[in-house]
Amino acid sequence: MSIDKYYITTPIYYVNDVPHIGHSYTTIVADTLARYFRIKLGKENVFFLTGTDEHGDKVAQSAEAKNLSPQEFCDEISAEYKEAWSLLNISNDYFIRTTDKDHEKRVKEIFTKLKNAKTPKGNDVIYQDEYEGLYCTGCEKFLTERDLEDGMCPDHQKEPEIVKEKNWFFRLSDYIKDLEAKILSGEFEILPESRKNETLGLIKQGVGDFSISRESVKWGIELPFDSEQKSYVWVDALSNYITALGYPDDLDNFNKWWPADLHLMAQDILKFHAFYWPAILMALGLELPKREFIHGFFTIDGKKMSKSVGNVISPAELVTRYGTDATRYLLLAQFSFGLESDIKVELFDEKYNADLANGLGNLVARVSNLIEKNFSGKTELKEINIKTNISENIEKYKFNEALKEINKLVAESNQLIDKEKVWELVKSEEKKAYDVLSELASNLLFIAKHLKPFMPETADKIEKIFKAGKIEKPKEALFQRI
Ligand code: MSP
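Attention here is on the structure that accompanies the text. Since this is a predicted model, take the numbers as computed values, not measurements. (Residues numbered from 1 in each chain as written. Predicted model: local features only at pLDDT ≥ 70, side-chain atom pairs only at ≥ 80, totals over all residues. Heavy atoms only, no water.)

### Things to note about the sheet that holds strand β9 (residues 213–214)
The following threshold applies: Strands were regarded as paired on the criterion that DSSP finds at least two bridges between them. Secondary structure elements follow DSSP: runs of H or I of four or more residues count as helices, runs of E of two or more count as strands, with numbering from the N terminus.
The strand order across the open sheet formed by 3 strands is β9-β11-β10, and the pairing between neighbours is antiparallel. At either margin of the open sheet sits one strand with a lone partner, and together these are β9 and β10 (222–223). Bridge count between β9 and strand β11 (residues 226–231): 2 bridges; the pairing is antiparallel. Its bridge partner being in β11, Ser213 is matched across the sheet by Ser231.

### Re the pairing of strand β12 (residues 262–266)
The cut-off we apply is this: For each residue, the accessible area found with a 1.4 Å probe, counting protein chains only, is set against the maximum for its type, and the residue is called buried under 20%, exposed over 50%, and partly exposed in between.
Counted residue by residue, β12 has 5 buried out of 5 residues, so it is predominantly covered. Burial along β12 is two-sided: the residues Leu262, Leu264 and Ala266 and His263 and Met265 are all buried. Of the pairings in the sheet, the one linking strand β1 (residues 6–14) to β12 comprises 2 bridges and is parallel in character. Following the sheet pairing, Thr9 is matched in β12 by His263. Strand direction decides the pairing type here: β12 and strand β13 (residues 291–295), joined by 4 bridges, are parallel. Considered in β13, the bridge of Leu264 is made with Phe293.

### Concerning unusual backbone geometry
Pro192 follows Leu191 through a cis peptide bond whose omega is -10°. The linkage connecting Trp258 with the following residue, Pro259, adopts the cis geometry, with an omega of 5°. Tracing the sequence through the fold places Pro259 in the loop between α9 (251–257) and β12. Phi at Asn67 is positive, roughly 60°, even though this residue is not glycine. The phi dihedral of Asp150 is positive, around 50°, even though this residue is not glycine.

### Structural notes on helix α11 (residues 315–322)
Defined as follows: Summarising the geometry, the arc corresponds to the directions from the helix axis toward the C-beta atoms. In what follows, residue pairs with any heavy atoms lying within 4.5 Å of each other are defined as contacts.
Of the residues making up α11, those classed as buried are Pro315, Leu318, Val319 and Tyr322. Down the axis of α11, the smallest arc covering the buried residues is 100°, so these residues share one side. Residues of α11 that are buried make contact with α1 (21–41), α3 (70–87), α12 (324–333) and α13 (345–375). Immediately downstream of α11, the backbone of Gly323 shows phi near 90°, a positive value.

### Notes on the packing of α1 against α12
Stated precisely, the cut-off is as follows: Orientation is described by lines fitted to C-alpha atoms, with helices fitted over the stretch in contact, and by angles between N-to-C directions that extend from 0 to 180 degrees. Comment on the angle field: the value is read as roughly parallel under 35 degrees, roughly antiparallel over 145, roughly perpendicular from 65 to 115, and oblique elsewhere. Classes in brief: Ala, Val, Leu, Ile, Met, Phe, Trp, Tyr, Cys and Pro nonpolar; Asp, Glu, Lys and Arg charged; the others, Gly included, polar.
As a packed pair, α1 and α12 sit with axes 10 Å apart at the nearest point and diverge in direction by 100°. In terms of orientation, α1 lies roughly perpendicular with respect to α12. Counted together, Ile21, Ser24, Tyr25, Ile28, Val29, Asp31, Thr32 and Arg35 of α1 and Arg328, Leu331 and Leu332 of α12 form the full contact between these two elements. A per-class count over the contact of α1 with α12 returns 6 nonpolar, 2 polar and 3 charged.

In structure tokens, the structure reads:
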């Protein structure tokens, strides 16, 4: 598939939680892809969006518990996400908040369009009905009996409330056949294959209409045609992917980027992105995103990450211990993107020392030192062209495989130093030593080039060292041993 622009999104994260390594994982992957495609397609042809999801009763309740207004509370937590992304060197082009005035205005316009639209069968897209259901304010969604464990929401360990109210509904049932066809034909791609099959299986079980407004909620966007009702948070939240582009008032910018090339998320929000979102887009007469990739959840030592278990790992903790690039590396290199993964914290140190301190960091130190000491920092750089699958692996979301290849190149260079005993060679065969060191420095530039999307600062440092007129061993190790 050839593409000339790349629009990539993460989910917009709830301000009810603070950033942890689950959110960080999705965001680092998005950042890696954005950086990769900026190199491939040009900076101006990539748009990378992330942000925060800020409406709903749960947010209002959390704000009250902290004696803050909902807006003050959202400002605080949203800033924490921004701070976390800056610690991780995330290069998003825009950060959307659902309390942005532009977003709120645009969501209202979207509701007006939906109100006036007809389904392909000629029915009103939205209609009023009575709704009674088990609502979990933690999830911001109605649960079915099947979802409960011992009568409680398994995620929030709380009994859902029975909520009965008049709502506006979206006639998903009129779109589901079309949607199924688009998934089957690949026009709307859901990856990996297992998630696509899961989606098709859910369609077979039957997918009903869904409610798109709430009467009881106060902290939300008011419907333009019914002042008693607020937008259901998911309609508000999903719309971010198009309101951030200016839809529906800045169509030039919108048309430049839409459809999205990739929506990234984990399996918890598959349903909303595989059914609700495409159906809303169809009702608006818009194209569907080209692709959604659904990755697995992290657990920590086999347990779900949660505040009550007390095992939540923040990105700041990892960055303090390992630094920004190593944190990005450790999250991407250890797990297969897509699968559920169990984090064992003690393995982080091991992998850090093996791959980064003793691997890449040591290689940079050895090569720069030998060139500085024996050849007054001079070397001859050549264009290296080693056949690798690093780019293919990145485009196939096999980030750990791509990094494995990079590690292999590092290991081969380290082995070359040992095999040639370069530290002795410099005394016995100066010319040969010079050639080997030139090759090693050139290898390191090749490695740096491929590391850029993953570890941008490290790649820059390596380039700076070896492209300098006079190569010097860096004063500080790239990765301090732990
Ligand atoms: N606000 C909604 C999304 C709206 S998008 C239009 C939401 N927010 S969330 O804060 O709960 O974020 C969920 C997402 O965070 C997951 O889909 C995933 O990308 C990431 N993760 C949260 N916990 C995670 C793990 N334990 N493991 C891996 N990723 C996880 O849902």
